[in-house]
Amino acid sequence: MFLSILLCLALQVFQKVSADEDFFINDVGYDDGTYGDYPQHIYKSTDVTSPKLNVLQSSPECSNDLYTMITQRGWSVSQARATILDSDGHLVWTVTGYDQIYNLMVQEYKGEQYLTFWAGNDAVGGHGAGYYYMLDTSYQEIARIPAAKGLSGDLHDFRITDNGTAIITVYDVITANLTSLGKPENGDLWECRVQEIVLETGELIFEWRASEHYDVTETYRDIGGDGVTGRAFDFFHMNSIDKDDKGNYLVSSRYMHTVTYISGATGEVIWVLGGKRNMFTDLSDGQATNFAYQHDARWNDDFTVVSLFNNAIDDGHTNIAPYTRGMRIKLDQEKMTAELVGEYINPHHIKAVSQGSFQNLPNGNVFMGYGNTAAFTEYSSNGMALCDAHFGPQHLYGTGNVQSYRAYKFEWHGFPITNPDIKILSDDSDNWNVYTSWNGATEIRTLILQGASNSEDSTSWEDLEVVTKTTFETAFQIYELYPRYMRVLWLDEKDMVLGVSNPLDAVEEKVWALPPLRLDEGELWGLKILIGFAAFTGAVVAVREAWLVWRKRGKQVHWEDEGEELRVQREILLR
């Protein structure tokens, strides 16, 4: 009885409203944590969830025809996941089950579009050990790609080239002379490798190692207690690779504060931008080469401009710059000059202590994801913020509470091979509704609720209601005169049926329907307290009952029914 009361209490405390509600609009309470550490959309037709955005700024000039792609994780995210959102912040597709997930994006291989991402263990000294995944337009996994030489693929970058190869980041521990940093002659060092591999065969066609071209004294990172056996020192920290039409590589090093241009023929360093070995004359009074702890360095404008996400700080040096900024740096490789030609600063002066992304969009806009802080912003080409959104409260920025390694925008067309999800449940007004959603379906314009008195008779299905799809989940109210069986048709803009849900028996569903209990990571503490209290109380009651029985066995007569005969047993245990 006691446990039943506790369970009922838990259901009342944790039950949520499940609906595809609108996002918040410039809501101070959201960023103060009024709605929790990770506000989410909870759905009735499916168990998936998605972040509920706080939209601080919007504009028709943003790339609203593209989808936003993030990979949420953090202390308040119960399951790391990859997520695609539409321009209104509504869920399009999401997936879990890959351990940690990083770097969701769309890439082309042999003329076809694929979703790609890294997944694996990210608790390996600030980088990762895992694989690169490719999903086709039906969200089927068609490839799991390892690094070459038996090494683990790192989380930081995976870029498919026009030649059917991929360039990847790889980390492994080597032994190096670290006496210049006050450490052993044979200290442990994290090596950073650039690998280019053939996707079909896994053949390694190029490799570059940072330790062969950079001295450990060039790093800006304090070695601290690292550099000894079992505690490798991460002196370089490579976080992005790009390749130009000459076959040369552009590599970003977080702890060197450098962008390095490497010969694809010899592996030799051609030039270095930024850091202690900067080779460029800065035409912008130091503003073009003073980036620090940066991420996502890429070629732009016919390989004349380098763009990057300038963190400017890290978790050990949070006050060395007022904010994080995006940068576009024009390079003259003959005169060896660098000029800052674009700067992108968030209106709220966000400081991202780690991670982050900078993307030049097809319409000339710039899209930035703020890594460790749950925010993304789209800017005009001249640096004006157009659209700005948070997917976690700002008061927890810098804590890693909710984060996404990068945030990108891409065109994408998804055709899931699963059936649409469908449930019949009552709403808060005790009205019965059909709830339906289809994870990953991008081409849907219209939904039709159909009813039939006999689900086995294909001719008995009739249209009951037609709606335009606007959100991830759609609800149809069930009226008394509706037939017993329900299903939903999903149509594209040409009225072609792309999906049909399984039919449901409204009578049976109303009998058995129960809204699911879903808990966020941040709410589990309450349930854990209730369970712990119940377990403790149960243990106390059990001990008390056992003690009473033990006392009774020593002092009382025990009667046992043995048919017609009664037998008295007396055991005196205490004499």
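Structure first, text after, so check above.
Only a predicted model underlies this, so the values are computations on that prediction, with no experimental measurement involved.

(A) The state of the cysteines, seen in detail. Enumeration according to the criterion identifies one disulfide in this entry. Here C62 connects covalently by a disulfide to C387, the sulfurs 2.0 Å from one another. Its torsion about the S-S bond being 125°, the disulfide of C62 and C387 is classed as right-handed. Taken together, the residues span a long stretch of sequence, with C62 in the loop between β4 (54–57) and β5 (67–73) and C387 in strand β28 (residues 385–390) at a distance of 325 residues. Residue C62 is classed as buried on the basis of its relative accessible area, which comes to 6%.

(B) Region of interest: the side chain of N365. Among the structural elements, N365 can be located in the loop between β25 (357–360) and β26 (366–369). You can call N365 buried: its relative accessible area is 7%. One polar contact links N365 to E378, side chain to side chain, over a distance of 2.8 Å. Discounting chain neighbours no more than four positions away, the residues touching N365 are E61, C62, S63, Q359, N360, E378, Y379, S380, S381 and L386.

(C) Fine view of the pattern of salt bridges. The tally for this structure, following the rule as stated, stands at 20 salt bridges. Ionic pairing is found between E207 and R193, a salt bridge with its closest N-O pair at 3.1 Å. A residue pair is termed long-range when its members are at least 10 positions apart, and E207 in strand β15 (residues 204–209) and R193 in strand β14 (residues 187–198) qualify at 14 residues. Across the salt bridge formed by R484 and D505, the nearest N and O atoms sit 2.8 Å from each other.

About the thresholds
Residues numbered from 1 in each chain as written. Predicted model: local features only at pLDDT ≥ 70, side-chain atom pairs only at ≥ 80, totals over all residues. Heavy atoms only, no water. Disulfide = S-S within 2.5 Å. Helix = DSSP H or I, 4+ residues; strand = E, 2+ residues; numbered from the N terminus. Buried < 20%, exposed > 50% of the residue type's maximum accessible area, 1.4 Å probe, protein only. Polar contact = N/O pair within 3.5 Å; in protein donor to acceptor, adjacent residues only side chain to side chain. Contact = heavy atoms within 4.5 Å. Salt bridge = Lys/Arg side-chain N within 4 Å of Asp/Glu carboxyl O.

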